[in-house]
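So the chains spell out like this:
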Amino acid sequence: MLNSSFAFNRLPVTPANFDFHCHSIVSDGLLSPEVVARRAAANQVDLWALTDHDDIGGLAEAKATAEEVGMAFVTGVEISIEWKGIPIHIVGLGFDAKDPALTGGLDELRSGRVERAKRMGDALAAVGIPGVYEGALCFVTNPSLISRAHFARYLVSIGIARDVPGVFQHYLAQGKPGYVDHRWATLEEAVRWINGAGGTAVVAHPGRYKMSGAQMRSFLDDFKDVGGRAIEVTCGSHSPDHVMHFARLARHYEFHASRGSDFHGPEESYVDLGKLPQLPEDLKPVWRLVI
Ligand code: AMP
Ligand code: MN
Ligand code: MN
Ligand code: MN
């Protein structure tokens, strides 16, 4: 039985180091859930969630390892949504991983990725790079979860760019030749699945979206209206200015604040598990809602 969290009695009074955003080979990370868990513990993470894209198949292994190494664990997932044409990620934390509406919704979301990946392959062939869908499959570690990160790794392997960020910049980011539009979940669906399973919905890496200040406020209004309760303030892709900005928005909206490395693997991630600045002290840490 996979409960949403455990080991309350092992929590320090104030968890000094929580990391609620990272990936394993169940989506587009490079390490198994077990190895990610051990690495988090080695980095003195004391409260941890694995948040694979659109898939919760790694949680049982993650939980078992966290239990073994004495690290408090919370269920997690990073759900792909589209809001007003903008792709956005919503992290879910502390839910019942057996909830049928959540698992059914994620199943559907994953199945759409295959057809999207084939269209990405066609789009890249049209600019003179053939066979990329088939090539990307060699980098896929979960047959039901193909991501742009797998395309990027293949394109690096054939020398199209020097590194993964370089491939995104020239080929895979929105507006570039390999980017195709896709119908993800809606904001309302993702938050409903998470809340319906007893969890908490969190806006992932808000600093990464190409939105004006007004658009971000409109998005956060909608997120709050449908039942969202937290945003990532400290995360792997946030500058110190982002942290200050999203801390202000967390206060304004009375959101709880989350902290997550978005670690994918030692070769690709600049921020390692748990190696993040602390949240501004006055914010309400999201772990209070999920343990
Ligand atoms: P997808 O869910 O298929 O759209 O792929 C999104 C994933 O691609 C993210 O979770 C990251 O792993 C990766 N990604 C997106 N943008 C970048 C970037 N600029 N540099 C490196 N990796 C990226
Ligand atoms: Mn990813
Ligand atoms: Mn993301
Ligand atoms: Mn992520």
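Note that the structure is predicted; figures quoted are calculated from it, not measured. (Residues numbered from 1 in each chain as written. Chains lettered and ligands numbered in written order. Predicted model: local features only at pLDDT ≥ 70, side-chain atom pairs only at ≥ 80, totals over all residues. Heavy atoms only, no water.)

Engineer: Tell me what's going on with the domain arrangement of the chain, and back it up with residues and numbers.
Structural biologist: When cut into domains, the chain gives domain 1 (18-96 + 187-290) and domain 2 (113-172). Each of domain 1 and domain 2 has a C-alpha centre, and these two points are 25 Å apart. The partner domain 2 presents 11 residues to the 12 residues of domain 1 that form the contact. Note on domain 1 versus domain 2: buried area summed over both sides is about 810 Å², and carbon and sulfur give 41% of it. The largest per-residue losses of area from domain 1 upon contact with domain 2 belong to Ile25, Asp28 and Glu268, which jointly make up 46% of the total buried on that side. Summed over the shared surface of domain 1 and domain 2, the number is 2 salt bridges. For the salt bridge of Arg153 with Glu268, the shortest nitrogen-to-oxygen distance reads 2.6 Å. In this assembly, domain 1 and domain 2 are joined by 9 residue pairs in polar contact (both at pLDDT 80 or more). Classifying every residue of the side of domain 1 that touches domain 2 by side-chain character gives 4 nonpolar, 4 polar and 4 charged. (Domains from an automatic or database assignment. Contact = heavy atoms within 4.5 Å. Buried area = accessible area lost by both parts, 1.4 Å probe. Salt bridge = Lys/Arg side-chain N within 4 Å of Asp/Glu carboxyl O. Polar contact = N/O pair within 3.5 Å; in protein donor to acceptor, adjacent residues only side chain to side chain. Nonpolar A, V, L, I, M, F, W, Y, C, P; charged D, E, K, R; others polar.)

Engineer: Would you mind going over the coordination of the manganese ion (ligand 4) in detail, with residue names and values included?
Structural biologist: Around the manganese ion (ligand 4), the protein contributes the donor atoms His21 (NE2), His23 (NE2), Glu78 (OE) and Asp262 (OD), at 2.1 to 2.2 Å from the metal centre. In primary-sequence terms, the residues that donate to the manganese ion (ligand 4) follow H-x1-H-x54-E-x183-D. The metal-metal distance between the manganese ion (ligand 4) and the manganese ion (ligand 2) is 4.7 Å. Of this pair, His21 sits in the loop between β2 (18-19) and α1 (33-42) while Asp262 sits in the loop between β9 (256-260) and α10 (287-290), and the two are 241 residues apart along the sequence. We note that His21, like Asp262, is buried. (Donors = N, O, S within 2.8 Å, 3.2 Å for Na, K, Ca; no water. Helix = DSSP H or I, 4+ residues; strand = E, 2+ residues; numbered from the N terminus. Buried < 20%, exposed > 50% of the residue type's maximum accessible area, 1.4 Å probe, protein only.)

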